[in-house]
Amino acid sequence: MVEAQTWTTRRMSNPRLDSTPTADHQVLDIPVTPTADLRNSIGSHLSPNLLTPLIIASWFMSNIGVLLLNKYLLSFYGYRYPIFLTMLHMISCASYSYLAINFLEIVPRQHILSRKQFLKIFALSLIFCFSVVCGNTSLRYIPVSFNQAIGATTPFFTAIFAFLITCKKESAEVYFALLPVVFGIVLASNSEPLFNLFGFLVCIGSTAGRALKSVVQGILLTSEAEKLHSMNLLLYMAPMAAMILLPFTLYIEGNVARVTLEKAKSDSFIIFLLLGNATVAYLVNLTNFLVTKHTSALTLQVLGNAKAALAAFVSVMIFRNPVTVMGMTGFAVTVMGVVLYGEAKKRSKAQLATH
C-alpha cells in the first residue's frame, strides 16, 4: 500500500525536521497550505461548507480503505505478494499523477532540473520502497489495529534520526512527551493476542523508514530550486519506486504473474480487488493534498490521530481479531503521547520564535 503515514512525514514541498508525525500509514509527504488562488482551483463550484466535509470524508474512506483492502488481500484472500502489490500501487500512482497534473492541471507541472536532483529523488524512493513494502508485509502477520499502534511511534524514530544524522536536539519537554509513545506500544505488544515477531519487526522497520525518509528529505531537498510540490514528487517517485521493486518481486515472488493470471481466470474478483486497491492507494495521496489545500497541515495532523483509532476500530469490527483491554489501553496511551508530543513541539517552536 501507499502508506497512510503521518502528516509531517508526507510533507514533500517543504520538509522540516521539527515537524510532528502521527500514526498515519501513508507514503508520501504533503505540501504546505497552498495560496488562495490554488485553494479555489478545485471544487470552486461547490460551497466550502459542503466541499470541505466531503473531502475530509473521502480522506477517511481512502486511508482506512487502503489498509482494509491490503489486509484482506494479503491475509484473508490469500494473495501473499506484498512486493508486487506495492509495485501495482506505484504504477497506479504514476499513471493517475500524470493524468491529474498534465490533463486536469491540479497543480502546475514541475520538472527535474538536474542529475543531482534526480539522484536525490531516487535516494528518497529507495527509503520509500523499503518503508511501504515493510508496512504491507506486516499486514500479512499482524492485525490492522496493532499495525496502527506501531505506526504511532513515528515521532520517536524521527527524533532519534534527527539527532543521529543532524545532531538536532529537542527540549526536555519534547523528549519527555515521547515516553508514553514508547510505553504504550510496549504495553500493546505484550497484550496483543495475535502478536507475531516477524510482523512486529517489519512494521517497526516501516515506521522507522517513514521517519528516516522525512529526515533525509529535509537534508537533500533544501534548495528552493529543488523543492517539488507533493503531487509532482509523487509523479517522479512512483515510477522510480516501481522500477526499484520490479527486480525484487521477480526474484522473491517470481511466480506472481502466473499466479495472478490463474486466479483471474478462476475468480475475476481478483482483478477488481487489485485495480480497486491500486486506485484507492492513489486516492490516499490525492486526498492528503486536498485536505491540506482546503484546511491546513495541522488539521491533517489531528485527523491522522483520529484515523488511527477509527481504522483500528473498523478493522476489529470487520475482521473480528481479538483485542484485550490492556492492548486497547496501550494504543490509547501511544496516541495520547503523540498528541502530547505535538503540543510540546508547538510550545518549543513558540519559545524559539520569541528568542
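Here is a short report on the structure shown in this document.

Procedures and definitions
- Residues numbered from 1 in each chain as written.
- Predicted model: local features only at pLDDT ≥ 70, side-chain atom pairs only at ≥ 80, totals over all residues.
- Heavy atoms only, no water.
- Helix = DSSP H or I, 4+ residues; strand = E, 2+ residues; numbered from the N terminus.
- Expected span 1.5 Å × (residues − 1).
- Core = buried A, V, L, I, M, F, W, Y, C linked by side-chain atoms within 4.5 Å.
- Buried < 20%, exposed > 50% of the residue type's maximum accessible area, 1.4 Å probe, protein only.
- Contact = heavy atoms within 4.5 Å.
- Phe/Tyr/Trp six-rings, centres within 6.5 Å; stacked < 30°, edge-to-face > 60°.
- Salt bridge = Lys/Arg side-chain N within 4 Å of Asp/Glu carboxyl O.

**Some words on helix 2 (residues 48-76)**
No. 1: Between its first and last C-alpha atoms helix 2 spans 40 Å; for 29 residues at 1.5 Å apiece the expected length is 42 Å, and the two agree.
No. 2: Just downstream of helix 2 lies Gly78, where phi reads positive at about 95°.

**Some details on the nonpolar core**
No. 1: In terms of nonpolar packing, the biggest core is built from 63 residues, with Leu73 and Tyr79 touching the most fellow members.
No. 2: Going through the elements one at a time, helix 2, helix 3 (82-102), helix 4 (115-138), helix 9 (230-252), helix 10 (256-266), helix 11 (269-294) and helix 12 (297-319) are the ones with two or more residues in this core.
No. 3: Ranked by the residues each element gives to this core, the list is headed by helix 9, at 12 residues.
No. 4: Here Leu73 is in contact with Gly78, Tyr79, Leu85, Ile270, Leu273, Leu274 and Asn277, once residues within four sequence places are set aside.
No. 5: By size, the runner-up hydrophobic cluster in this structure holds 12 residues, among which are Ala149, Ala188, Ala308 and Ala312.

**Regarding the packing of aromatic side chains**
No. 1: Scanning the model with the defined rule gives 13 aromatic pairs in all.
No. 2: For the pair Tyr96 and Tyr282, a centre-to-centre distance of 5.2 Å together with 25° between the ring planes defines the contact as stacked. Linking Tyr96 in helix 3 with Tyr282 in helix 11, this pair joins segments that are 186 residues apart in sequence.
No. 3: With a centroid separation of 6.1 Å and 15° between ring planes, the pair formed by Phe146 and Phe200 is classed as stacked. One end of the pair, Phe146, is in helix 5 (residues 144-151); the other, Phe200, is in helix 8 (residues 197-220), and 54 residues separate them in sequence. Both residues of the pair, Phe146 and Phe200, belong to the buried class.
No. 4: An aromatic cluster of at least three residues, connected via ring pairs, comprises Phe146, Phe195 and Phe200.

**A short note on the pattern of salt bridges**
No. 1: Tallied over the full model, the rule gives four salt bridges.
No. 2: Measuring nitrogen to oxygen at the nearest pair gives 2.7 Å for the salt bridge that ties Glu170 to Lys345. Here Glu170 is found in the loop between helix 6 (154-166) and helix 7 (172-191), whereas its partner Lys345 is found in helix 13 (residues 325-354), with 175 residues between them in sequence.
No. 3: The exposure class assigned to Lys345 is buried, which follows from its relative accessible area of 2%.
No. 4: Its salt-bridge partner being Lys346, residue Glu343 comes within 3.1 Å of it at the nearest N-O pair. Residue Glu343 and its partner Lys346 are located together in helix 13, separated by three residues, close to a single helical turn.

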